[in-house]
Amino acid sequence: MELMEYLEKKAAWVKQETLKIHRIAPGIRLASSLSCIEILTALYYGKILKYDPADIYCEERDRLIISKAHGSVSFYPLLADLGYFALEELGRVGKAGSLLGDIPDCSIPGYETVNGSLGHGLGVACGIAMALKRKKRTEKVFVLSGDGELYEGSVWEAIMFAAHHNLNNLVLVIDNNKICMLDYCTRILNLEPLDEKFRAFGWQPSEVDGHNMKEVYSALQSLKQDGSDGPKVLIANTVKGKGVPRLEADSLCHIRALKTEEIDQLLMEMN
Amino acid sequence: METKVMRDALIEQLYDRMRTNDDIFFVSADFGAPALDRLREDFGDRFINVGIAEQNLINIATGLALEGAVVYAYAIAPFLSMRAYEQIRTNLSILSQVREINVNLIGVGAGLSYDVTGPTHHCLEDSCIMRVLPNFVVFSPGDSVTTEQFVDYSLRVKKPKYLRLDGKAQPRIYDDPRKISMEEGFSVVREGKDVCLVSTGYMTHKALRVAEMLEQEGISAGVVDVFMLKPLDGELLYKSVGKYSHIATMEESFIDKGSLDSIVAEVLRSSRSQADLTKLGFGDRYVFEVGNREHLHKVNGLDEATIVRTLKGKLSGSRLP
């Protein structure tokens, strides 16, 4: 399938660029930026979302709130490639005067809100979704959240709100990489069973392998079209540090930085 | 004298605006008011009760405002300003530097409005902590007339704002609303010569009573009502208070923590003023004593008689050779 090949190719490029960014900005959260690459790639390169880099806040855009901002440095190459800012910016992440910092913020074209602090994205997205519904607009609101972020109580305030107000234009995508900063979520405070929790709160849950591009694309595409009642949540089962064996095997991968030689080795293998 | 609750005055105004302005939303954290019942009924699609969930109150308000709504978010002052402070910082203060957000936080229960309900419901911190936030407007009116005057400003100035409203009905300070300019942020409500009482909110009523009592003692006291704690033009304020050799700030806030007393101290310092400054407010402790507002003031040395005695002491002290 032509589209899938294209998306796979783009995802591989985004991954390489993310590693290159890590080489110059060791402080970025690499592992959690790697687990959501297929999701972001499908949404943008798969044209599931409507967007316009020339008019970033145009009314016709679908809204994507990246609530797990730390773990979205992989969004930088994608935004640059789509024309939100110059590609050269990717080579200056974290440097004095750069547009792009170690944690993305709302001053970067393509980011809607501030999410360096966790637990805010879903509630703000609920307000946006409610306003759009009231204006009878058909654009959708997508939220990308981490699983660890679900520990924030404010997220559950928003989960209740979305169901009560039947925000059926709202889609929450959980990058379920199962690891927080210090350990596996099952060992910190168990979040499972996530799908049952969401169902009990009035949401429609579905689940995919978050690294299977075909699954991710078709799930997101059908959620985009879905006008049935209730907010939707897609639990994307992912691997934190995906594609970097040393990170994949490490419960502390959130705070690990790779050495330059390791990055070069990985890039060489990818090519 | 006729008294009115600030929130009722505000909600009545908003009700009228909502009839013609479809973009106005009223969001509550399950907090009501007699005047709110009609609004809830007639504008059911633009009145949203998020439940007892102040964090979500701020987040929902932000989302609505990002889509062009003018939002009034309503809750009890200490919970609005402190339970949700990080949401306010992130989604209103930080985000509004990049995107236009018109969210008006209506905090009801300034200072000791909720007197007998104890320290969780007292609100002595908000004017300090809200003034810290960049891009924010902090409004602290003393009566319903001033509160009503804020409505046009709140629609016109598309920034996040915090309204510190008293919970109890208060008499008018202003007979003529034209004496109130939001851009100036304060008003001289009584001229004097010997001492100037610079006050905000509920304490302006007390300042006027103290000024009367001082008058009986042969001391001429002016009163400046500061209703805009941020932004406030310090140079302009100095023009009104600079002539006094004695100044006292009066507020239902903690003192020495960045509220009105700090504003005035900074104005005096930057103008190289030699004026003597007395800060009247609450010290570094919570108020656990039980009783009505005046009792609590008395316990904390803020009753009229004690204030008059304090100021007389200051004034006579300075007259000694």
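Every chain begins its residue count from 1, and numbering advances along the sequence as written. Lettering of chains starts at A and numbering of ligands starts at 1, both following the order in which they are written. Only residues with pLDDT of 70 or above have their local features reported here, since the model is predicted, and side-chain atom pairs are shown and tallied only from 80 upward, although totals for entire chains, interfaces and linings are computed over all residues. Hydrogens are left out, water is left out, and the side-chain values use all remaining heavy atoms of the structure.

Participant: Describe the overall build of chain A, with residues and values.
Facilitator: In terms of helices and strands, chain A carries 11 helices and 5 strands. The atom set for the radius of gyration is the C-alpha atoms, and the globule formula is 2.2 Å times the number of residues raised to the power 0.38. Against the compact-globule benchmark of 18 Å for 271 residues, chain A has a radius of gyration of 18 Å, which places it among compact chains. Principal axes of the C-alpha set define a box for chain A whose edges measure 50 × 45 × 40 Å. Classification of residues uses two cut-offs on accessible area relative to the type maximum, computed with a 1.4 Å probe and protein chains only: under 20% is buried, over 50% is exposed, and between them is partly exposed. Out of the 271 residues in chain A, the part that is buried amounts to 58%. For the purposes of this entry, the term helix denotes a DSSP run of H or I that reaches at least four residues, the term strand denotes a run of E that reaches at least two, and both are numbered from the N terminus.

Participant: Could you give an account of the sheet that holds strand E3 (residues 47–49) of chain B, with specific residues and numbers?
Facilitator: All names here are of chain B. Strands sit in the order E3-E2-E4-E5-E7-E6-E12 across an open sheet of 7 strands; the sheet is mixed. Edge positions in the sheet fall to E3 and strand E12 (228–230), since each has one partner strand and no second. Neighbour-to-neighbour, the strand axes of the sheet open up by a mean angle of 20°, direction not taken into account. Between any two strands, pairing holds if DSSP finds at least two bridges. Note that strand E6 (residues 137–139) and strand E7 (residues 161–165) share 3 bridges and pair parallel. If you follow Val138 over to E7, its bridge partner there is Tyr162. Across the sheet, helix H7 (residues 144–156) lies against strand E2 (24–28), strand E4 (70–76), strand E5 (103–108), E6, E7 and E12, angled at about 170° from E7, the strand it touches most. Comment: axis = line fitted to C-alpha atoms, over the contacting stretch for helices; angle = value between 0 and 180 degrees taken between N-to-C directions. By definition, residues are in contact when any of their heavy atoms lie within 4.5 Å.

Participant: With reference to specific residues and values, describe the packing of helix H1 (residues 6–20) of chain B against H7 of chain B.
Facilitator: Residue and element names in this part refer to chain B. At their nearest, the axes of H1 and H7 sit 8 Å apart, and the two run at 35° to each other. As H1 runs across H7, the sense of the crossing is right-handed. Residues Met6, Ala9, Leu10, Gln13, Leu14 and Arg17 of H1 form the contact with H7, whose participating residues are Ser144, Thr147, Glu148, Val151, Asp152 and Leu155. In the contact of H1 with H7, the residues fall into 6 nonpolar, 3 polar and 3 charged. Crossing chirality is assigned from the near helix's rotation relative to the far helix, an anticlockwise turn below a right angle marking it left-handed and a clockwise turn marking it right-handed. Amino acids outside the nonpolar list (Ala, Val, Leu, Ile, Met, Phe, Trp, Tyr, Cys, Pro) and the charged list (Asp, Glu, Lys, Arg) are all regarded as polar, and Gly is one of them.

Participant: For unusual backbone geometry, give the residues involved together with the corresponding values.
Facilitator: Look at the link from Glu192 of chain A to Pro193 of chain A: it is a cis peptide, with omega at 0°. When you line up the elements, Pro193 of chain A lands in the loop between helix H7 (185–188) and helix H8 (194–200). Residue Pro231 of chain B is bonded to the preceding Lys230 of chain B through a cis peptide linkage, with omega at 0°. Tracing the sequence through the fold places Pro231 of chain B in the loop between E12 and helix H9 (234–241). Phi angles above zero are rare outside glycine, and Asn135 of chain B is one such case at about 70°. The phi dihedral of Arg272 of chain B falls on the positive side, at around 55°, and the residue is not glycine. Note on placement: Arg272 of chain B falls in the loop between helix H10 (260–270) and strand E14 (276–282).

Participant: Please provide a residue-by-residue account of the pattern of salt bridges, values included.
Facilitator: Each salt bridge in this description consists of a side-chain nitrogen of Lys or Arg and a carboxyl oxygen of Asp or Glu lying within 4 Å of one another. What the rule picks out here adds up to 40 salt bridges over all chains. A salt bridge links Arg293 of chain B to Glu252 of chain B; its shortest N-O distance comes to 2.7 Å. Of this pair, Arg293 of chain B sits in helix H11 (residues 293–299) while Glu252 of chain B sits in strand E13 (residues 246–254), placing them 41 residues apart in sequence. Residue classification places Glu252 of chain B among the buried residues on the basis of a relative accessible area of 3%. Across the salt bridge formed by Glu289 of chain B and Arg285 of chain B, the nearest N and O atoms sit 3.0 Å from each other. In this structure Glu289 of chain B comes out as partly exposed when scored by relative accessible area, which is 27%. Among the charged side chains, a salt-bridge network with shared partners connects Glu59, Arg63, Lys135, Arg137 and Glu139 of chain A together with Glu67 of chain B.

Participant: I'd like a description of the pairing of strand E1 (residues 63–66) of chain A, backed by residues and values.
Facilitator: Note on strand geometry: in a regular strand, side chains alternate between the two faces of the sheet. Residue and element names in this part refer to chain A. The side-chain alternation of E1 yields two buried faces, one formed by Arg63 and Ile65 and the other by Leu64 and Ile66. Of the pairings in the sheet, the one linking E1 to strand E2 (residues 141–146) comprises 4 bridges and is parallel in character. If you follow Ile66 over to E2, its bridge partner there is Leu144.

Participant: Outline the interface of chain A and chain B, listing residues and values.
Facilitator: Note: interface size is frequently given as the accessible area lost on complex formation between the parts. Contacts between the two partners involve 26 residues from chain A and, on the opposite side, 24 residues from chain B. Buried area between chain A and chain B, summed over both chains or domains, comes out near 2100 Å², and the portion from carbon and sulfur atoms is 59%. The quantity reported as buried area is the accessible area (1.4 Å probe) lost by two parts once they are put together, taken as the sum for both. Counting the surface chain A buries against chain B, the share from its top three residues, His120, Arg134 and Glu157 of chain A, is 29%. Linking chain A to chain B there are 5 salt bridges. Two residues, Arg63 of chain A and Glu67 of chain B, come together in a salt bridge whose shortest N-O distance is 2.7 Å. Side-chain atoms alone can form a polar contact between residues adjacent in sequence; in general such a contact is a pair of N or O atoms within 3.5 Å, and within protein one must be able to donate a hydrogen while the other accepts it. At the junction of chain A and chain B, the tally comes to 10 residue pairs in polar contact (both at pLDDT 80 or more). Here the side of chain A that touches chain B takes 9 residues from helix H5 (residues 121–134) of chain A, the largest share from any one element. Partitioning the side of chain A that touches chain B into residue classes produces 11 nonpolar, 9 polar and 6 charged.

Participant: Can you lay out the domain arrangement of chain B for me, pointing to particular residues and giving the numbers?
Facilitator: All names here are of chain B. An automatic or database domain assignment supplies the start and end points of every domain. Domain annotation for chain B reports domain 1 (3–171) and domain 2 (183–319). Opposite the 33 residues of domain 1 that make contact, domain 2 presents 28 residues. Together, the buried faces of domain 1 and domain 2 total about 2500 Å²; carbon and sulfur atoms form 57% of this surface. Summed over the three residues of domain 1 that lose the most area to domain 2, namely Leu112, Leu124 and Arg131, the buried surface amounts to 26% of that side. There are 2 salt bridges connecting domain 1 and domain 2. For Glu183, the salt bridge identified is with Arg156, shortest N-O distance 2.7 Å. At the junction of domain 1 with domain 2, the criterion picks out 18 residue pairs in polar contact (both at pLDDT 80 or more). Put simply, the parts of the chain that give the side of domain 1 that touches domain 2 at least two residues each are helix H6 (126–131), E6, H7 and strand E8 (170–171). Per-element tally for the side of domain 1 that touches domain 2: the top contributor is H7, with 4 residues.

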